[in-house]
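Structural overview
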Amino acid sequence: MSPFETKSIVTLSLLAAFVDGEKHERERAEIKRIAEGLSQADGLNLPTLYQDVLMKRVSLASVAGELKSPEARQLAYEMAVCVCDADGTQSEAERMFLADVRTSLGLDASAAAFSQKAEEIAAVPVAATSAAASVPAAPNSPDTAELDKSILNAAILNGALELLPETLSTMAIIPLQMKLVYRIGKSYGYELDSGHVKDFLATVGVGLTSQYLEQAGRKLLGGLLGKVGGGLLRGLGNQAVSSGMSFASTYALGHVAKRYYAGGRTLSTQMLKDAFSGVVKEGQSLQTQYLPAIQEKARTLDAGKVLSLVRGA
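Residues numbered from 1 in each chain as written. Predicted model: local features only at pLDDT ≥ 70, side-chain atom pairs only at ≥ 80, totals over all residues. Heavy atoms only, no water.

1. Section: the overall build of the chain
Defined as follows: Secondary structure elements follow DSSP: runs of H or I no shorter than four residues count as helices, runs of E no shorter than two count as strands, and numbering proceeds from the N terminus. Using a 1.4 Å probe, accessible areas were evaluated by the Shrake-Rupley method; residue-level cover was limited to the displayed protein chains.
Across its full length, the chain holds 15 helices and zero strands. Of the roughly 13,400 Å² that the chain leaves accessible, carbon and sulfur atoms contribute 52%.

Spelled out as structure tokens, the structure:
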């Protein structure tokens, strides 16, 4: 894939991120931070792209013109779909935008089928759908050792999903994190809905759209996203991709949620942010220790069953 195609895929993803015009200012700030971080990693001037998108200096037509290969066009569309679905099912504006993307890129009906798969993942409720997925503890007095184990297992799973080359695998990380927070809250007697869980993630500093952009952007720039066949094995040795971002953020979300709900939801916004920041660093330091487990988990995952994985979590 040429540098021009990589730049165009990221630009299309940014267009998708802002198409509904409803992004909270904190999410916009996160997206800007990610654009700056990714530019440092790859030498692309992504902060300029960010400004071009916000100021409407780029168009779908101009971006589509830079995507020459069928593989780049398909990957660009898939990333745009997942960006639109990262914070929930698509709005009418997002559906219209994605229809225009399909037309501009000359994609066939299989592209619409991919969008449907992403919508199904985005629509999965946060409530556990199987008895096996629930935390084995009585409400208000959970087994903290079991909670710690479930948090670690969730972090390993999401770290493994980060290594897979498929775009839907990357998208699945967010609903799995939401389900983890839901289960922890429920174990302490709080019956949460998806709105509360999203607010909790946003409060600690985990934006849904921005997190997907960061995960997928690093995989794209690392040369893993969209690859098939031997892509996974090459990716397992790619330190830029296997940075443990998903492992660390999931680990931190779990432990901060545990602290928050165990304490009766009394922590302030700043205390939650500070706690999350500290535990992310702890998770990053643990990532090397658990990297073999993450890699082994990645080898056992079936990318074709991502929806079943999210539903059963």
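2. Remarks on the packing of helix α1 (residues 3-17) against helix α11 (residues 208-221)
Threshold: The axes used here are C-alpha line fits, helices contributing only the stretch in contact, and every angle between their N-to-C directions lies in the interval 0 to 180 degrees. An angle counts as roughly parallel when it lies under 35 degrees, as roughly antiparallel when it exceeds 145, as roughly perpendicular when it falls between 65 and 115, and as oblique in every other case. Contacts: residue pairs with any heavy atoms within 4.5 Å of one another. Residues are grouped as follows: Ala, Val, Leu, Ile, Met, Phe, Trp, Tyr, Cys and Pro are nonpolar; Asp, Glu, Lys and Arg are charged; all remaining types, including Gly, are polar.
Running from N to C, α1 and α11 cross one another at 175 degrees; their axes reach a closest spacing of 11 Å. Considered as vectors, α1 and α11 are oriented roughly antiparallel to each other. When α1 is examined against α11, the residues T6, I9, V10, S13, L14 and A17 are found in contact with a partner set consisting of T209, L213, L220 and L221. Looking at the contact of α1 with α11, its residues break down into seven nonpolar, three polar and no charged.

3. Thoughts on the environment of A172
The condition that has to hold: Per-residue accessibility, obtained with a 1.4 Å probe over protein chains only, is compared with the maximum for each type, and a residue is labelled buried under 20%, exposed over 50%, and partly exposed between these values.
By the element assignment, A172 lies in helix α9 (residues 167-187). On the basis of relative accessible area, A172 is assigned to the buried category, the value being 0%. Not counting residues up to four positions away in its chain, the partners in contact with A172 are L161, V306 and V310.

4. Some remarks on the packing of aromatic side chains
Quick reminder of the rule: Stacked, edge-to-face and tilted are the three classes for Phe, Tyr and Trp ring pairs, Trp counted by its six-membered ring, which pair at centre distances within 6.5 Å; planes under 30 degrees apart are stacked, over 60 edge-to-face, the rest tilted.
Summed over the entire model, instances satisfying the criterion amount to six aromatic pairs. Relative to Y251, the ring of F247 lies with its centre 6.1 Å away and its plane at 15 degrees, an arrangement referred to as stacked. Here F247 and its partner Y251 are both found in helix α13 (residues 245-262), four residues apart, which amounts to about one turn of the helix. As far as burial versus exposure is concerned, F247 and Y251 are alike and both buried. With 4.9 Å between their ring centres and 65 degrees between their planes, Y260 and Y261 make a pair best called edge-to-face.

5. Re helix α10 (residues 194-204)
To keep things clear, this is the line we draw: Polar contact criterion, stated in full: a pair of N or O atoms within 3.5 Å, where within protein one must be able to donate a hydrogen and the other to accept it, and residues adjacent in sequence count only if both atoms are side-chain atoms.
Within α10, burial applies to V197, F200, L201, A202, T203 and V204. Capping the start of α10 is the job of one residue whose side-chain oxygen sits 3.2 Å from the backbone nitrogen of G195: D193.

6. Concerning the side chain of S249
Structurally, S249 is set in helix α13. Given the relative accessible area of 11%, S249 is considered buried. In this structure S249 touches Q177, Q211 and F276, once residues within four positions along its chain are discounted.

7. A short note on the nonpolar core
Note the cut-off: Residues belong to a common nonpolar core when they are buried Ala, Val, Leu, Ile, Met, Phe, Trp, Tyr or Cys residues joined through side-chain atoms within 4.5 Å.
If you look at the biggest cluster of nonpolar residues, it comprises 94 residues, and the most contacted ones within it are L12, F200, L201, Y212 and Y261. Examining the composition of this core, we find that eleven residues originate from one element, α9, more than from any other. Leaving out residues up to four positions away in the same chain, Y212 has contacts with M79, C82, V83, A86, T167, T170, M171, I174 and G217.

8. Quick word on α13
Put simply, the rule is: Every helix has an expected span of 1.5 Å times one less than the residues it contains.
For α13, built from 18 residues, the straight-helix expectation of 26 Å at 1.5 Å per residue is met to within 8% by its first-to-last C-alpha distance of 26 Å. Where burial is concerned, most of α13 is hidden: 16 out of the 18 residues are buried.

9. Details of unusual backbone geometry
Glycine aside, negative phi is the norm for most residues, and most peptide bonds take the trans geometry. Unlike most non-glycine residues, K56 shows phi in positive territory, near 60 degrees. Taking the relative accessible area as the measure of exposure, K56 reaches 73% and is therefore exposed.

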